[in-house]
Amino acid sequence: MHEKCGVVGVSLTDREAARPLYYSLYALQHRGQESAGIVTHDGFQQHEHVEMGLVGDAFDQNDLDALSGANGIGHVRYPTAGGVNTCCAQPFSVSFKSGSLGLAHNGNLVNMEEVRDELAGLGHAFTSDGDTEVIAHDLARNLLEEDLVRAVKSTMGRIHGSYSLTIMHDETVLGVRDPQGNRPLCIGELEDGYVLASESAAIDTLGGELIRDVRPGELIVLRPDGSGFDSYQLTDEPQTAHCFFEHVYFARPDSVIDEELVYEVRRDLGRELWEESGVETDVVMPVPDSGRSFASGYAEAAAEDGAETEFAEGLMKNRYVGRTFIMPTQDERERAVRLKLNPIKSTIEGRTVTLIDDSIVRGTTSTQLIELLRDAGAEEIHLRIGSPEIVAPCYLGIDMASRDELIAADKTTEEIRDEIGADSLSYLSIEAITNALGKDHENLCLGCVTSEYPYDVEGEQTDREVSRPVIDSASSADD
Ligand code: AMP
């Protein structure tokens, strides 16, 4: 199950956690629109409310009032290919002999089946096919014999893949980031407590201050009285595997991830795009909203080089249409592009155009947009893309597409240009990504653009020595 999601957790001194959690889920809505959920603990018992749909639709006043307690976690979930899946809405919550647990997960385990089969063999019954439940059962089992920190460490030793988790164990909120830090997670301070969130924009929304990213392999335990947090570095991998695509597409531009403001990274990538493949046209325009920061960097660098190019909006977005990807069939996806974007004729007609977007996945959006711009009278259309060719699927938590759907999986750039109908097409190089992010290849996950993954994915190449955990069933006690 590819979970591309947003997670939060808060511990407050003297205030109910439900509303701050609700607001922070609003701030993370872009990370998932399929379902939203909150789990709180009031010192006596756990409360939960999980619904399908957008955050604004999933909760009403009564739901929030019923979520009592100053500690809690929340989750927004992205729709997976194939549509709606009620069983996997999160946080996943359950009571075990070892206490109540709630888990919110962003990422994807690559050895889920292995851990699940082993736990099933030991008598664990599962209600979903998601990997979050597998983590919950493993942790609950460890908690029978070990204290909280050791139990988390043991679970981390058995699961392999990407995970940023917020966990509620009784009334304690925890944050965990996988040993290579694939998905983001950060910690912030509020006037009256602490917050963990996938992105710092959620901390800003609560009026808090970003303290720092949670480190790869680190466990953060928020004190339930909201007075502080404790940190435990549970693993120590020599390399990280931060997902570059968070910076390119997924995260909000106003978030700081792994110490970089996403907006600045995108602008730098736009500047690199001009350096690598700039072309002087009458107008430069972004595909809203994903291409906007790239286009502003590109246009700025072009102007510095003396290019006489106007930076203008040529496509208007209907903000009430969701991301094109949620349309399950190709036909629906094609129609959705026209529903979503409409050209402003006066900026396009009779002019040469550079169109800038962050990425091409299936090629549907670009093909439709180029047709739209031609219909609006563009003389030439040059497409510039702020990431390298996406040639392979994501197994680590971004719902991308399968290999046979990816337009760049088996085509040259010239073949793609021809298929989408542009006058010219250029992608950004991998070096430009590593430069703009200030991180080398060895510390990034570039699997979707290189076909080599920093995790041990069955049937795929890996680009490093990975320490995949060995499942040792003999060491587990009965639940
Ligand atoms: P496509 O039409 O399949 O080529 O998709 C490319 C468009 O979808 C670009 O405008 C991207 O901004 C956006 N995009 C890229 N990756 C994703 C993703 N994982 N989920 C949803 N949209 C995406």
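Every chain begins its residue count from 1, and numbering advances along the sequence as written. With the structure being a predicted model, the display of local features is reserved for residues of pLDDT at least 70 and the display and counting of side-chain atom pairs for 80 or more, all residues being used for whole-chain, interface and lining totals. Excluded from the side-chain calculation are hydrogens and water; included are all heavy atoms of the structure.

## Some details on the packing of helix H9 (residues 262–277) against helix H15 (residues 430–437)
- Contact pair H9 / H15: the axes reach a minimum separation of 9 Å and the direction vectors enclose 140 degrees. Judged by the sense of rotation from one axis to the other, the crossing of H9 with H15 is right-handed. Along the contact surface, H9 presents Val265, Asp268, Leu269, Glu272 and Glu276, while H15 presents Ala432, Ile433, Asn435, Ala436 and Leu437.
- By residue class, the composition of the contact of H9 with H15 is six nonpolar, one polar and three charged. Geometry is summarised by axes, namely lines fitted to C-alpha atoms with helices restricted to the contacting stretch, and by angles between N-to-C directions that run from 0 to 180 degrees. Runs of E in the DSSP output that reach at least two residues are strands. Runs of H or I that reach at least four are helices, and both are numbered from the N terminus. Helix crossings fall into two classes, left-handed where the near helix is turned counterclockwise from the far one by less than a right angle and right-handed where it is turned clockwise. Every residue pair with non-hydrogen atoms within 4.5 Å of one another is taken to be in contact. Side-chain classes follow a simple rule in which Ala, Val, Leu, Ile, Met, Phe, Trp, Tyr, Cys and Pro form the nonpolar group, Asp, Glu, Lys and Arg form the charged group, and the remainder, Gly included, forms the polar group.

## Examining the environment of Gly278
- Within the secondary structure, Gly278 is located in the loop between H9 and strand E17 (283–286).
- A sequence separation of 107 residues divides Gly278 from Glu171, and the C-alpha atoms of the two residues are 55 Å apart.
- Every residue in contact with Gly278, bar those within four places of it in the chain, is listed here: Leu273 and Tyr298.

## Topic: the packing of aromatic side chains
- For Phe, Tyr and Trp, rings pair up if their centres lie within 6.5 Å, where Trp contributes its six-membered ring, and each pair is then called stacked (planes under 30 degrees apart), edge-to-face (over 60) or tilted (otherwise). For the coordinates displayed, the defined rule picks out ten aromatic pairs.
- When the ring of Tyr22 is compared with that of Tyr23, the centres are 5.7 Å apart and the planes differ by 50 degrees; the resulting orientation is tilted.
- When the ring of Tyr194 is compared with that of Phe229, the centres are 5.6 Å apart and the planes differ by 70 degrees; the resulting orientation is edge-to-face. One end of the pair, Tyr194, is in strand E10 (residues 193–197); the other, Phe229, is in strand E13 (residues 229–233), and 35 residues separate them in sequence.
- Relative accessibility decides the category of a residue: with a 1.4 Å probe and only protein chains considered, values under 20% of the type maximum give buried, values over 50% give exposed, and everything between is partly exposed. In this structure Phe229 comes out as partly exposed when scored by relative accessible area, which is 22%.
- Grouping aromatic residues by their ring pairs yields a cluster made of Tyr78, Phe244, Phe245, Tyr249 and Phe250.

## Quick word on a negative patch on the surface
- On the surface, a cluster of negative charge is contributed by Glu280, Asp282, Glu308, Glu379 and Glu380.
- You can see Glu308 is positioned in the loop between helix H10 (292–304) and strand E18 (310–311). Patch membership requires more than 30% relative accessible area and the absence of a salt bridge. Residues of like charge join within 9 Å; the nonpolar side chains Val, Leu, Ile, Met, Phe, Trp and Tyr join within 5 Å. Each accessible area is a Shrake-Rupley estimate made with a 1.4 Å probe; only the visible protein chains count as cover when residues are assessed. The salt bridge criterion pairs a side-chain nitrogen of Lys or Arg with a carboxyl oxygen of Asp or Glu, the two atoms within 4 Å. The charge count includes Lys and Arg as positive and Asp and Glu as negative, but it does not include His or the ends of the chains. Think of each charge as sitting on NZ of Lys, CZ of Arg, CG of Asp or CD of Glu.

## Section: the site of the ligand
- If a single non-hydrogen atom of a residue is within 4 Å of a molecule or strand, that residue counts as near it. Close to the ligand lie 17 residues; Asp357, Asp358, Arg362, Gly363 and Thr365 are nearest.
- Take Tyr78: an N or O atom from its side chain is 3.3 Å from a nitrogen atom of the ligand.
- Burial of the ligand by the surrounding chains reaches 95%, relative to a free accessible area of 500 Å².
- Elements with a minimum of two residues in the shell around the ligand: helix H8 (244–250) and helix H13 (364–375).
- Its residues assigned to classes, the shell around the ligand shows seven nonpolar, five polar and five charged. Throughout this description, a polar contact denotes any pair of N or O atoms lying within 3.5 Å of each other; where both atoms belong to protein, one of them has to be capable of donating a hydrogen while the other can accept it, and for residues adjacent in sequence the pair is counted only when both atoms sit in side chains.

## Focus: the domain arrangement of the protein
- Taken as a whole, the protein is organised into domain 1 (6–238 + 470–478) and domain 2 (260–453).
- Domain delimitation in this document rests on an assignment produced automatically or drawn from a domain database. Centre-to-centre separation of domain 1 and domain 2, based on C-alpha positions: 33 Å.

## Description of the pairing of strand E1 (residues 5–12)
- Among the eight residues of E1, eight are classified as buried, and the element is accordingly described as predominantly covered.
- Along E1, one buried face is formed by Cys5, Val7, Gly9 and Ser11 and the opposite face, lined by Gly6, Val8, Val10 and Leu12, is buried too.
- A pair of strands counts as paired when DSSP detects no fewer than two bridges linking them. Inspection of the sheet shows E1 paired to strand E4 (residues 71–77) by seven bridges, in the antiparallel sense. Counted as the bridge partner of Cys5 is Arg77 from E4.
- Sheet topology note: the E1/E10 ladder contains five bridges and is antiparallel. Bridge pairing in E10 links Val10 to Val195.

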